[in-house]
Amino acid sequence: MKKTFEVSDKLFELYHRVHRLVNESMTEEGVSLARSKFLFFLSKLGPCRSTDIACALNFAPRTVTEAIDGLERDRLVMRKPDPEDRRAKIVSITETGRVVLEAAEHPRKQLIEEIFSALDDEQLDQLYDIVSKLVEKTDEIRKRKEEAEEAQVAVAR
C-alpha cells in the first residue's frame, strides 16, 4: 500500500502537469488558464465589481485589478461606472472575450478527455468518489480552523 505522502505527492504532480498542459493549450488559442477564470466567471455571473470577483475567486484585490487591466487592454472585458457607487466600476465580458473564451475551452476539454481516457468508467467513478471524499475532508478541516479562529477572537475581546 502506498504511503499517504507518496499519494499526495502524486496528486500534486498530476495537478501541476495537467495545469501546465491545459494552460499551454488554452494560451495557444489566445487566453491563459488564469485569464480564462476571470472570463468564465464574468460570462456565467454577468457584470460585477472587481471586489466581487476577488472574493469569489479568492484572489487579492490587487491581483484582480491587474488582471482586469490586462483583459481590458486586450478588449476582453470592459469597465463601466457603477450606478450605485461612483467610486466603483462594473466589469463585464465583451463579445471578443466570449469568442476567445469559447475558442480556448475546446482544446481544454479535448485535453482533459484525452488525459482521463486512461481510465475506464469504473475507475473514473472510483476516482470521483475518492476525490470527493478528500474535498469533503478539506472543507471539514477548513471549517474547524475557521471556528477555532473565531473562538480565539471572541476570547480576545
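Think of each chain on its own: its residues are numbered from 1, step by step along the sequence as written. In view of the model being predicted, local features appear only for residues whose pLDDT reaches at least 70, and side-chain atom pairs are presented and counted only at 80 or more, with totals across whole chains, interfaces and linings using the full set of residues. Working from all heavy atoms in the structure, the side-chain values ignore hydrogens and water.

## Thoughts on the layout of surface pockets
Argument step 1. The volume enclosed by the largest pocket comes to roughly 880 Å³.
Argument step 2. Elements are defined by DSSP. Helices are runs of H or I of four residues or more, strands are runs of E of two residues or more, and each kind is numbered from the N terminus. Among the secondary structure elements, those contributing two or more residues to the lining of the largest pocket are helix 1 (4-28), helix 2 (33-45), helix 5 (95-116) and helix 6 (121-156).
Argument step 3. Ranked by residues supplied to the lining of the largest pocket, first place goes to helix 6 with 9 residues.
Argument step 4. Residues that form the lining of the largest pocket fall into these classes: 17 nonpolar, 3 polar and 4 charged.
Argument step 5. Those domain boundaries reflect an automatic or database domain assignment. Here the lining of the largest pocket spans two domains, and each of domain 1 (3-118) and domain 2 (119-156) adds at least three residues to it.
Argument step 6. Taken as a whole, the second largest pocket spans an internal volume of roughly 300 Å³.
Argument step 7. Looking at the second largest pocket, the residues that line it are Val-7, Lys-10, Leu-11, Leu-14, Ile-115, Phe-116, Ala-118, Leu-119, Gln-123, Gln-126 and Leu-127.
Argument step 8. Of all the elements, helix 1 adds the most residues to the lining of the second largest pocket, at 4 residues. A 1.4 Å probe that fits into a set of points on a 1 Å grid over the protein atoms alone but cannot get out defines a cavity; an open set with protein on both sides within 12 Å along at least five of seven lines defines a pocket, and lining residues are those with an atom within 4 Å of a point. Grid points are joined across faces, edges and corners, and a volume is the space filled by probe spheres set on the points. Ten residues, namely Ala, Val, Leu, Ile, Met, Phe, Trp, Tyr, Cys and Pro, are considered nonpolar, four, namely Asp, Glu, Lys and Arg, are considered charged, and the remaining ones, Gly among them, are considered polar.

## Looking at the packing of helix 3 (residues 50-57) against helix 4 (residues 61-73)
When two helices pack together, their arrangement is given by the angle between their axes and by how far apart the axes lie.
Argument step 1. A fitted line through C-alpha atoms serves as each axis, taken over the contacting stretch for helices, and the angle formed by two N-to-C directions is quoted from 0 to 180°. Running from N to C, helix 3 and helix 4 point in directions that differ by 120°, and their axes come no closer than 9 Å. In terms of axis orientation, helix 3 runs oblique to helix 4. Read as a crossing pair, helix 3 and helix 4 show a hand that is right-handed. Note on element contacts: helix 4 touches helix 3 through Pro-61, Val-64 and Ile-68, opposite Ser-50, Ile-53 and Ala-54.
Argument step 2. Its residues assigned to classes, the contact of helix 3 with helix 4 comprises 5 nonpolar, 1 polar and no charged. Note that the term roughly parallel is reserved for angles under 35 degrees, roughly antiparallel for angles over 145, roughly perpendicular for angles of 65 to 115, and oblique for everything else. For any pair of crossing helices, the crossing counts as left-handed if the nearer helix is rotated counterclockwise from the farther one by less than a right angle, and right-handed if it is rotated clockwise. Any two residues whose heavy atoms approach within 4.5 Å are treated as being in contact.

## Some words on the domain arrangement of the protein
Argument step 1. Split into domains, the protein comes out as domain 1 (3-118) and domain 2 (119-156).
Argument step 2. For domain 1 and domain 2, the distance between their C-alpha centres works out to 24 Å.
Argument step 3. The interface is formed by 4 residues belonging to domain 1 together with 6 residues belonging to domain 2.
Argument step 4. Summed over both partners, the accessible area lost on bringing two parts together, with a 1.4 Å probe, is the buried area. Between domain 1 and domain 2, the buried area comes to about 320 Å², and carbon and sulfur atoms account for 65% of it.
Argument step 5. On the domain 1 side of the interface with domain 2, the three residues burying the most area are Leu-11, Phe-116 and Ala-118, jointly 93% of the side's total.
Argument step 6. One speaks of a salt bridge when a side-chain nitrogen belonging to Lys or Arg is within 4 Å of a carboxyl oxygen belonging to Asp or Glu. Linking domain 1 with domain 2 are 0 salt bridges.
Argument step 7. Between N or O atoms, a polar contact is any pair within 3.5 Å; within protein, one atom must be a potential hydrogen donor and the other a potential acceptor, and residues adjacent in sequence are included only when both atoms are from side chains. One can count 2 residue pairs in polar contact (both at pLDDT 80 or more) joining domain 1 with domain 2.
Argument step 8. Of the residues belonging to the side of domain 1 that touches domain 2, the class tally is 3 nonpolar, 1 polar and no charged.

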